[in-house]
Structures are given as C-alpha cells and as structure tokens.
Amino acid sequence: ETGVTQSPTHLIKTRGQQVTLRCSSQSGHNTVSWYQQALGQGPQFIFQYYREEENGRGNFPPRFSGLQFPNYSSELNVNALELDDSALYLCASSARDRAYGYTFGSGTRLTVV
Amino acid sequence: TQLLEQSPQFLSIQEGENLTVYCNSSSVFSSLQWYRQEPGEGPVLLVTVVTGGEVKKLKRLTFQFGDARKDSSLHITAAQPGDTGLYLCAGSKAAGNKLTFGGGTRVLVKP
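From a predicted model like this one, the values you see are computed outputs, not experimental measurements.

A. View of the state of the cysteines. Following the criterion strictly, the structure yields two disulfides over all chains and no others. Two residues share a disulfide in this structure: Cys23 of chain A and Cys91 of chain A, whose sulfurs sit 1.8 Å from each other. Between Cys23 of chain A and Cys91 of chain A, the S-S torsion sits near -60 degrees, and that sign places the bridge as left-handed. Pair noted here: Cys23 of chain A is in strand E3 (residues 19-24) and Cys91 of chain A is in strand E9 (residues 87-94), with a separation of 68 residues, a long-range link. Judged by its relative accessible area of 0%, Cys91 of chain A is buried. Between the sulfur atoms of Cys23 of chain B and its disulfide partner Cys89 of chain B the distance amounts to 2.0 Å. Here the disulfide of Cys23 of chain B and Cys89 of chain B is right-handed, its torsion about the S-S bond being about 75 degrees. One end of the pair, Cys23 of chain B, is in strand E3 (residues 19-25); the other, Cys89 of chain B, is in strand E9 (residues 85-92), with 66 residues separating them in the sequence.

Okay, here's the thing in structure tokens:
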C-alpha cells in the first residue's frame, strides 16, 4: 500500500508569482485535505476535496485554490504569492467511509522571497 | 486564536523521566487524534480516541480523552531519545471532517 506522495519537496518562489503543489493520495483513499503549517505552529486547514469538489474550506483567501482529479490525486494552487505564504504545505488523504483515518504526506516546503 | 490549546509548548527532560502533554478546548469534539512530527516530515498518527473517558495505551504512551470530550492528555513513561519530536493534538467534529490542530508541544529527551 503506497502512502501519500507530495511534490516538489522544496520550492523557492518570488513574491507575486504563482505556485502549484501536487499530492497523490494513499491507495483506497478518496478524500484529500490540504494544510498550511507555519514554522513553529500546528497545521491550519486550507480545504478538503471529495469527488472532485471542494468540501469544506478554512480561513484562507480565494487566491488559494485546488483541484481533485478522478484518480483522487490533488493540486493546491496559490496565486499572487506573499511572504507570509512561506510554510510547509501538507496533504492528507482519507477514506470518506472510514472514520478518522488520515495519512499525511511529508509536505512541500515553500519559501517566498 | 487556537481552538485547541496545547501545554506546555516545550518540554526538555532526561532519558528515563516521565512526561505529560495536555490538549484543552472549550469545544466538544467527536474525536481527538495525537500525531508526532519530526523535522522535514509530515505528522504521523499515533492514536485516535472517540469515547469520553477513553484511555488507550501504546507501549509507553498512554492517551486519555476527557469525559466531556473537550480535552485530552498524552503521557509518556520512561521517555527515550527516540521520543523526541513535535507532538500535535487534533480534533474533528465528525468523521471525515477537517482536523483542527493544537499549536504543538516540542519534546526533547536528552540521553
């Protein structure tokens, strides 16, 4: 059983640019959630995707958007990057019909300069 | 403002000592999860507690869910250097829902 895979592992972008982060969910999981973890803090929920539709969103502006594909993989897109967007972005997959079983990827470390 | 407050924020102890990490909220959660995260890695699930008053043991780790399902604790007995890491609690209002994380407790176990 493969785990959650995220790419790239590290990324450096300039303020104002756009970025796309990718996530492959664990085999058998149909739901993907994205979290932002600033240095020294706990992860903050960005949004969740189920059946290719957004299914819940945290307190993040519209420049944070996402997609889920038929194979349950997902993308997180961030437009007009700001310095405060520098963080570890985590993807977690789960199975909708199974309670509480979240598997996290290793994350993408985004640095905005 | 964190919905889940963890304390302490940082804990440094000697190998063999015991430690307890607390996770408190004014909200009721249907489940509480504990994760451990190492630098450069994602959180790894340690345990899920769903019933008020529930106690779960995982080798030297003991997890407790408060009767009112608003708080939880993690107790480590005879800590080892391998227990070093960031411990995160996370609550969920329903199965499949988003996780609300605490700010984390950084534990350092010195040999």
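B. Local environment of the sheet that holds strand E1 (residues 5-7) of chain A. Residue and element names in this part refer to chain A. If you trace the four strands from one edge of the open sheet to the other, you get E1-E3-E8-E7, paired in antiparallel fashion. Of all the strands in the sheet, just E1 and strand E7 (64-68) have a single pairing partner and so form its edges. Each neighbouring strand pair of the sheet contributes to a mean axis angle of 15 degrees, computed without reference to strand direction. The sheet contact formed by E1 and E3 spans three bridges and is antiparallel. Following the sheet pairing, Thr5 is matched in E3 by Ser24.

What counts as what
Residues numbered from 1 in each chain as written. Chains lettered and ligands numbered in written order. Predicted model: local features only at pLDDT ≥ 70, side-chain atom pairs only at ≥ 80, totals over all residues. Heavy atoms only, no water. Disulfide = S-S within 2.5 Å. Helix = DSSP H or I, 4+ residues; strand = E, 2+ residues; numbered from the N terminus. Buried < 20%, exposed > 50% of the residue type's maximum accessible area, 1.4 Å probe, protein only. Pairing = 2+ DSSP bridges. Axes fitted to C-alpha atoms, helices over the stretch in contact; angles between N-to-C directions.

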